[in-house]
Amino acid sequence: MNLNSNINIATSLNPSPCLPLLSPPTCPSSSPSSLISSLKTSKTLRDLHQLHALAIKTGLFGDPLVAAEVLRSSVLSEHRDLRYGRRVFDQMPEPNCFSWNTLIRAYSESDGGHPSESLLLFSRMLLCETARPNRYTFPSVLKACARAEAIQEGKQVHGQVIKLGWDDDAFVLTNSVRMYACCGFMEDARKLVEKSSLSPESESSVVLHNIVIDGYFRLGMVEEARQVFDRMANKSVISWNGMISKFAQTGYFKEAICVFRKMQLEGVKHNYVTLVSVLPAISRLGALELGEWVHAYAEKNVIEMDDVLGSALVDMYSKCGNIDKAVQVFEGLPKRNPITWSTMIGGLALHGRAGEALDYFQRMEKAGVVPSDVVFIGVLNACSHAGLVDEGRSYFNRMVNIYQLSPRIEHYGCMVDMLGRAGLLEEAEELVVNMPVKPDDVIYKAFLAACKKHGDAEIGMRVAKCFMELVSHDGDSYVLLSNLCASLGEWDTVAKLRLTMKELEVRKDPGCSWITIDGMIHEFVVEDYTHPRTKEIYLMLEEMAVKLQEAGYVPDTAQVLLNIEEEKKESTLFYHSEKIAIAFGLISTSSGTTLHIVKNLRICGDCHSSIKLISKVYGRRIIVRDRSRFHHFEDGVCSCNDYW
DNA sequence: TTAGGGTTAG
């Protein structure tokens, strides 16, 4: 869009506004100042309409200050109505500068894709002789450019800023930097910051640096963002919160927690946003102790427990293995929204507590909350993990027919997984082939895992062909497929697959498990020898092997799908990362302590049966979160009833 | 009339 192009706003808008002409119930005295103060305190759209009518009736609308306040109340109050405000503006014979700024700002902040409207108005304002852009005009126009990521227009506006001499104004500067940062022009953004005469300790300088950091994160330039943060002479709580939330949102969970700890060490008080920002990182890492600390901190510091912080806590307790506590937090919340319900239902599903997940879904419906498509992902996931195939089909149909929600690939993913786990491979295949969205890696992975579980290579290979055509770069799917072939002894195909992976530079995520002891996260990969207590860990693993064999453990070497000697297979199995993490947990905690393990991949069959025995032999509850769900091992039994 | 937040198939 070119700001200098001719724009005929008048023809594009409703020229005959219907303005109400009611008498207000309580008629304020008709002086400009009392009308303005009534407008400022008006609470509803109805009040506003009546005061507007009064202004017209008494002729006071002709007073530019009154008209400006009618406009401001229309578009920037809590009960804003942009279309109404636009009609008010178009009625003004000669809007003053304040009114232009008000409407430009309202468009730049609105959600309905209106930033371009802001720019159109600004270009009209430039041609207007009675109102010149001022220091209040530019922040909004620049914000509109930033939101539309319109660099060409942004540069033109910035040109006007310099021409009219507003470039030293703190608000204008902030928004100029933000405009460049949002458009990805970090060089320009940084130049402006460096050129500014602000003291590095000043509040404005902190804001500018926060914006630059945000810009680097948008571009995925995490290291640059971190460097700017580390070098800041002064940091506000918003700077710290920004780093935590951006790290967590980009998958840098450990880094998010690290910043959170550093903030604490430097004596910066956490606030509500800090907690909401760090909790998702804690959830993903399964760092229960830290999560509990955050919960206690919120209570001790009387941080408001609303639906948002409540959802984050429910999610944290669910993903960190304490589902009962998640339920307790949920039940204690003063307010719940659709996300809170989704989080609770998804959490119960993750723990295999399908019956309760479905009960909560019913409660949600009874409470009058309209189910979102996300909550159905939780419901279908619950059915899938509990083998409730008929219920799953029925909920899928209800979602489509009663709630009129279009199934997304995630819903099909749940259905394929559900049918596959239950051994209904042909029905699952039919769904993969006929579903209206293109199957992705995840769908194939669920399907291939089901074929492997049920030993059906024929269907597996048929679908595998489609998967190969995807030219996927997802390492896990290749490994799954090659494992499927390996379980059939098809070593030639395995070799071919490995070669394809090499050619496409596909890498598999290495299996990795972690355990938190005294607030420290300890990470282990398969056959890991890097931990400072490696010697003790491996002595423990040897002891475990002996005790398990005494208890009747037979290694399930069919799980090791490499073409290697049986004996080597046995040792490979015993050094899987989750077993190493458990050995470390056993030597680092007192007897009877529950162990919480998180694994990035799905737990293998041999580990699953070993951990059942370990829980019995060592008298420990062991809670393992793998890629798809929780397993609660106790006294030789797992909560998943071996259906996973 | 500048900056910050929660759920989602394997």
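Predicted, not measured: the structure shown is a model, and the values here were computed from it.

1. Things to note about the protein's contact with DNA strand B
Neighbouring residues of DNA strand B: 47 residues in total, closest Arg178, Asn271, Tyr272, Asn337 and Arg408. Contact between DNA strand B and isoleucine 409: a base nitrogen at 3.2 Å from a main-chain N or O atom of the residue. Examining the composition of the surface near DNA strand B, we find that 6 residues originate from one element, helix α24 (residues 409–421), more than from any other. Here the residues of the surface near DNA strand B sort into 16 nonpolar, 16 polar and 15 charged.

2. Observations concerning the nonpolar core
Val177, Ile282 and Met344 are the most contacted members of the largest nonpolar core, which has 158 residues in total. Here methionine 344 is in contact with Val314, Ile323, Ala326, Val327, Phe330 and Tyr360, once residues within four sequence places are set aside.

3. Quick word on the side chain of arginine 625
One can find arginine 625 in strand β4 (residues 622–625). In this structure arginine 625 is buried but unpaired, with aspartate 626 as the nearest side chain of opposite charge at 7.7 Å. At 2.5 Å, the side chain of arginine 625 forms a polar contact with the backbone oxygen of serine 283. Once residues lying within four places of it in the same chain are set aside, the contact partners of arginine 625 are Ser283, Arg284, Leu285, Gly286, Lys319, Ile597, Val598, Lys599 and Phe630.

4. Here's the deal with the packing of aromatic side chains
Within this structure, the stated rule accounts for 16 aromatic pairs. A ring pair is formed by phenylalanine 247 and tyrosine 252, whose centres lie 5.9 Å apart and whose planes are at 55°; its orientation type is tilted. Clustering of aromatic rings is evident, with ring pairs tying together Phe361, Phe376, Tyr395 and Tyr403. Taking NZ or CZ as reference, arginine 336 lies 4.6 Å from the ring centre of phenylalanine 330, over its face. Sitting over the ring of tyrosine 643, lysine 453 keeps its end group 4.4 Å from the ring centre.

5. Some thoughts on the pattern of salt bridges
Enumeration over the complete set of coordinates arrives at 29 salt bridges. Connected through salt bridges with shared partners, the residues Arg86, Asp90 and Glu117 form a single ionic network.

6. A word on the state of the cysteines
With the rule as written, the count across this model stands at 0 disulfides. Note on cysteine 97: no disulfide assigned, nearest cysteine sulfur contributed by cysteine 128 at a separation of 8.9 Å.

7. A look at the UniProt feature "repeat: PPR" (unreviewed entry) in chain A
Annotation from UniProt places "repeat: PPR" (unreviewed entry) at residues 205–239 and 337–371. Here residues 205–239 is 77% helix and 0% strand, with 11 Å between the C-alpha atoms at its ends. Annotated as 74% helix and 0% strand, the span residues 337–371 places its first and last C-alpha atoms 10 Å apart.

Rules behind the numbers
Residues numbered from 1 in each chain as written. Chains lettered and ligands numbered in written order. Predicted model: local features only at pLDDT ≥ 70, side-chain atom pairs only at ≥ 80, totals over all residues. Heavy atoms only, no water. Near = heavy atom within 4 Å. Polar contact = N/O pair within 3.5 Å; in protein donor to acceptor, adjacent residues only side chain to side chain. Helix = DSSP H or I, 4+ residues; strand = E, 2+ residues; numbered from the N terminus. Nonpolar A, V, L, I, M, F, W, Y, C, P; charged D, E, K, R; others polar. Core = buried A, V, L, I, M, F, W, Y, C linked by side-chain atoms within 4.5 Å. Buried < 20%, exposed > 50% of the residue type's maximum accessible area, 1.4 Å probe, protein only. Contact = heavy atoms within 4.5 Å. Lys, Arg positive; Asp, Glu negative; His and termini not counted. Salt bridge = Lys/Arg side-chain N within 4 Å of Asp/Glu carboxyl O. Phe/Tyr/Trp six-rings, centres within 6.5 Å; stacked < 30°, edge-to-face > 60°. Lys NZ or Arg CZ within 6 Å of the ring centre and 35° of its normal. Disulfide = S-S within 2.5 Å. UniProt positions renumbered as here; feature names shortened; annotations may be inferred.

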